[in-house]
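Here is how the chains run, residue by residue.
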Amino acid sequence: MAHGTNTTDGAGGLPDSADVIVIGGGAVGENAAARAVRGGLSVLLIEHERLGGECSFWACVPSKALLRPGNALAAARRVPGVPCEGPLDARAVLDRRDAFVSHWDDTGQRQWAQGAGVTVVRGRARLAGERKVTVDDGAVLRAEHAVVVCTGSVAVMPDVEGLSSVPVWTSREATSAGAVPGSLAVLGGGVVGVEMAQAWARLGASVDLLVDTDRVLPRMPAFAGERVAEGLRADGVRVTLGTTARAVSAVSGGVRVDLGEAGHLNAEHLLVATGRRPATDDLGLDTLGLTPGEPLATDDTGLVTGVGGQWLYAAGDVTGRAPLTHQGKYAARVVGDVVSARAAGRAVRAEPWTHHAATADHHAVPQVVFTDPEVASVGRVEPAEPGHRAVELDIAVAGSSLHADGYTGRARLLVDTEREVLLGATFVGQDVAELLHSATIAVVGEVPLRRLWHAVPAFPTISEVWLRLLEDYGL
């Protein structure tokens, strides 16, 4: 597959203009492009790597493909009578992962684009002035109506002595490795760190997780991080909290990580999972008076602030708003509708909760951490004002007991007591991800708790915890 060339994935040469140019062909860019085509516009979608982007090939899809077999085996072992002796078949897990990412071949994504009426341009795009984009510093393309930036994010490298001089894994290498490492050190206790630590530990690697805070998942409620850490330790992961890598160096067979007074450790590979930042370094932002490396600030319609003319839009991680694939796709659909409306001379209704405003970014961002136990959260996770009340209890209902022997879980609702509506919810436990959408609907719809009480959970399911939470609130 050719990359970095001024060619299209269709007949004919490189077009010099279109109604809309989308920079970045990941899941977010694909959604923006498809929505604009749906609105009657022609679209050029420019991508310098694989169409489908980070999520399809190096993030969401392969990471969950690595995690799911271990979660399924652990779940089976919690139900007596299910024959499940022995470890995971690592080769089979990796082969299944490879199939889910189409062996890193984006042919299927290109076929989708062709069928959707999107013209794909191979190359690295840079902004070059109002409605102008260059590809590989050569051809100049012009957008008649809008340019939409969906370039995503890149891994952050912390300032650790020696780190730049040794080979390290980022999330890309962690999700695409072709063999199980003998040992793995992981820097960072966020989502990528905990998910990859557990995935590789269950596949047979010896794993150390090094966290510079006092708990993993520091942005989640404390009980979430505590229970995930317990799950990691049960799988043999050595979790070290409150420690910082002082220096890194190459040694025979891998990497040495110096931890100061905490000593040092050696590992075959070092995964750096210390966060991500918007990918705007080499995007030509300086030609518009914007700062390279900084996120593209947008309003709720996706219009980039600080640039006149209502032509530059952005969606997804590149904005820094809600760096999750599903939220980026949501914002991209908004942008596509807004661009289509303005191109047709129709009014843009940017009021909250319309098709032209990504309002959920501020109130109801759902996220799942696919460890065992899972963490599922939406909206606020901690009380922020005097009228906020947290209702919290163990997930201990008939459905959870039947689901797994010794089931342990925790649930928290955050309530606005004045309006008696849900502001957020957090669930921790085996298979709680499927509880999340009901919570998201309740937050987005501002469903009154006294009406929510009439949404009777089926018996015996884990969802019965909703009834217990509402009763604990006082209904």
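Residues numbered from 1 in each chain as written. Predicted model: local features only at pLDDT ≥ 70, side-chain atom pairs only at ≥ 80, totals over all residues. Heavy atoms only, no water.

Visitor: Sorry, what's going on with the overall build of the protein chain here?
Guide: Counting its regular elements, the protein chain contains 14 helices and 22 strands. Relative to the compact-globule value of 23 Å for 475 residues, the protein chain shows a C-alpha radius of gyration of 24 Å, a close match. Once the C-alpha set of the protein chain is aligned to its principal axes, its extents read approximately 65 × 65 × 45 Å. The contacts in the protein chain between residues at least 6 apart in sequence include a share of 65% that link residues at least 24 apart. Averaging the coordinates of the 42 positive side-chain charges in the protein chain and doing the same for the 56 negative ones gives two points 3 Å apart. (Helix = DSSP H or I, 4+ residues; strand = E, 2+ residues; numbered from the N terminus. Rg over C-alpha atoms; globule rule 2.2 N^0.38 Å. Contact = heavy atoms within 4.5 Å. Lys, Arg positive; Asp, Glu negative; His and termini not counted. Charge placed at Lys NZ, Arg CZ, Asp CG, Glu CD.)

Visitor: In this structure, what is going on with the pairing of strand S9 (residues 183-187)? I would like to understand it.
Guide: Consecutive side chains along a regular strand alternate between the two faces of the sheet. Burial runs high along S9: five of the five residues are buried. Along S9, one buried face is formed by Ser183, Ala185 and Leu187 and the opposite face, lined by Leu184 and Val186, is buried too. Crossover handedness for the path S9 to helix H7 (residues 191-202) to strand S10 (residues 206-210): right-handed. Relative to strand S15 (residues 269-272), S9 runs parallel, the two being bridged by four bridges. Bridge pairing in S15 links Leu184 to His269. (Buried < 20%, exposed > 50% of the residue type's maximum accessible area, 1.4 Å probe, protein only. Right-handed = clockwise from strand over helix to strand, strands pointing away. Pairing = 2+ DSSP bridges.)

Visitor: Is there a simple way to think about the pattern of salt bridges in this case?
Guide: One side chain can pair with another of opposite charge once the charged atoms of both are near each other. This structure, assessed with the given rule, holds 30 salt bridges. We note a salt bridge from Arg276 to Glu54, for which the minimum N-O separation is 3.9 Å. In this pair, Arg276 is assigned in strand S16 (residues 276-278) and Glu54 in helix H2 (residues 53-57), connecting sequence segments 222 residues apart. Classification of Arg276 as partly exposed rests on a relative accessible area of 36%. Its salt-bridge partner being Arg256, residue Asp258 comes within 2.7 Å of it at the nearest N-O pair. Exposure remark for Arg256: the relative accessible area of 27% places this residue in the partly exposed category. One salt-bridge network, in which partners are shared between bridges, spans Arg227, Glu382, Glu392, Asp394, Arg410 and Arg412. (Salt bridge = Lys/Arg side-chain N within 4 Å of Asp/Glu carboxyl O.)

Visitor: Explanation requested: the packing of aromatic side chains in the structure shown.
Guide: Given two aromatic rings, their pairing is described by the distance between the two centres and the angle made by the two planes. Taken as a whole, this structure holds three aromatic pairs when the rule is applied. Summarising the aromatic geometry, the rings of Trp169 and Trp200 are spaced 6.1 Å apart at their centres and angled 50° between planes, so their arrangement reads as tilted. With Trp169 in the loop between strand S8 (153-155) and helix H6 (171-176) and Trp200 in helix H7, this residue pair connects regions lying 31 residues apart in the sequence. The class for Trp169 is buried, based on a relative accessible area of 9%. Ring geometry for Phe427 versus Trp466: centroids 5.9 Å apart, planes at 55°, classification tilted. Pair noted here: Phe427 is in strand S22 (residues 421-429) and Trp466 is in helix H14 (residues 465-473), with a separation of 39 residues, a long-range link. For Trp466, a relative accessible area of 9% translates into the label buried. Cation over ring: Arg172 sits above Trp58, and NZ or CZ is 3.6 Å from the ring centre. (Phe/Tyr/Trp six-rings, centres within 6.5 Å; stacked < 30°, edge-to-face > 60°. Lys NZ or Arg CZ within 6 Å of the ring centre and 35° of its normal.)

Visitor: Help me understand the environment of Ile441, please; the structure alone is not making it clear to me.
Guide: Inspection of the secondary structure puts Ile441 in helix H12 (residues 436-445). Taking C-alpha positions, Ile441 is 27 Å from Val339, a pair spaced 102 residues apart along the chain.

Visitor: Please clarify how the packing of helix H1 (residues 27-38) against helix H9 (residues 325-343) should be interpreted in this entry.
Guide: Working note: a packed helix pair is described by the angle between its axes plus the distance between those axes. H9 packs onto H1 with a crossing angle of 25° between their chain directions and a minimal axis gap of 8 Å. Taken together, H1 and H9 sit at an angle that is classed as roughly parallel. The element H1 and its partner H9 pack so that their crossing is right-handed. Across from Ala27, Val28, Asn31, Ala32, Arg35 and Ala36 in H1, the residues of H9 making contact are Thr325, Gly328, Lys329, Ala332, Arg333, Gly336, Asp337 and Ser340. In terms of residue class, the contact of H1 with H9 is made up of five nonpolar, five polar and four charged. (Axes fitted to C-alpha atoms, helices over the stretch in contact; angles between N-to-C directions. Parallel < 35°, antiparallel > 145°, perpendicular 65-115°, else oblique. Left-handed = near helix turned anticlockwise from the far one by under 90°. Nonpolar A, V, L, I, M, F, W, Y, C, P; charged D, E, K, R; others polar.)

Visitor: What is the right way to read the sheet that holds strand S11 (residues 238-240) from this model?
Guide: Working definition: the strands of a sheet are paired by backbone hydrogen bonds and lie parallel or antiparallel to each other. Read from one edge of the open sheet, four strands run S11-S10-S9-S15, paired in parallel fashion. The sheet terminates laterally at S11 and S15, the two strands that pair on one side only. Strand-to-strand, the axes of this sheet are offset by a mean angle of 15°, without reference to chain direction. Relative to S11, S10 is paired through three bridges, and the arrangement is parallel. Among the inter-strand pairings, Asp208 is bridged to a residue of S11, identified as Arg238. Each of S9, S10 and S15 is contacted by H7, which is oriented at about 165° to S10, the strand it contacts most.

Visitor: Can you help me understand the nonpolar core in this one?
Guide: Among the nonpolar cores identified, the biggest contains 40 residues, and Trp200, Val207, Leu209 and Val216 are the most heavily contacted of them. Within the residue set of this core, elements represented by two or more residues are helix H3 (60-77), helix H4 (90-100), S9, H7, S10 and helix H8 (222-234). It is H7 that provides the largest number of residues to this core, a total of six residues. Excluding its chain neighbours within four sequence positions, the residues that come into contact with Trp200 are Leu66, Leu94, Trp169, Ala174, Ala177, Ala179, Val180, Pro181, Leu184, Ala205 and Val207. Val432, Ala439, Ile462 and Leu469 belong to the second largest nonpolar core, which has 30 residues in total. (Core = buried A, V, L, I, M, F, W, Y, C linked by side-chain atoms within 4.5 Å.)

Visitor: Help me understand the confidence of the model for the protein chain in this model?
Guide: Parts of the prediction with low pLDDT should not have their coordinates interpreted in detail. Here the protein chain shows a mean pLDDT of 95. Residues at 70 or above account for 97%. Here residues 1-7 is a poorly scored stretch, pLDDT under 50, and it has 24 contacts once near neighbours within four places are set aside; other chains count. (pLDDT = per-residue confidence, 0-100.)

Visitor: Just checking my understanding: could you explain the pairing of strand S21 (residues 410-416) for this structure?
Guide: Burial runs high along S21: seven of the seven residues are buried. Burial of S21 is two-sided: the residues Arg410, Arg412, Leu414 and Asp416 facing one way and the residues Ala411, Leu413 and Val415 facing the other way are all buried. Pairing of strand S20 (residues 388-394) with S21, which is carried by seven bridges, proceeds in the antiparallel orientation. Across the sheet, the residue bridging to His388 is Asp416, located in S21. Two elements, S21 and S22, share seven bridges in a ladder whose sense is antiparallel. Note that in S22 the partner of Arg410 across the bridge is Val428. From the end of S21 to the start of S22, which pair antiparallel, there are four residues, and Glu420 there has a positive phi angle of about 55°.

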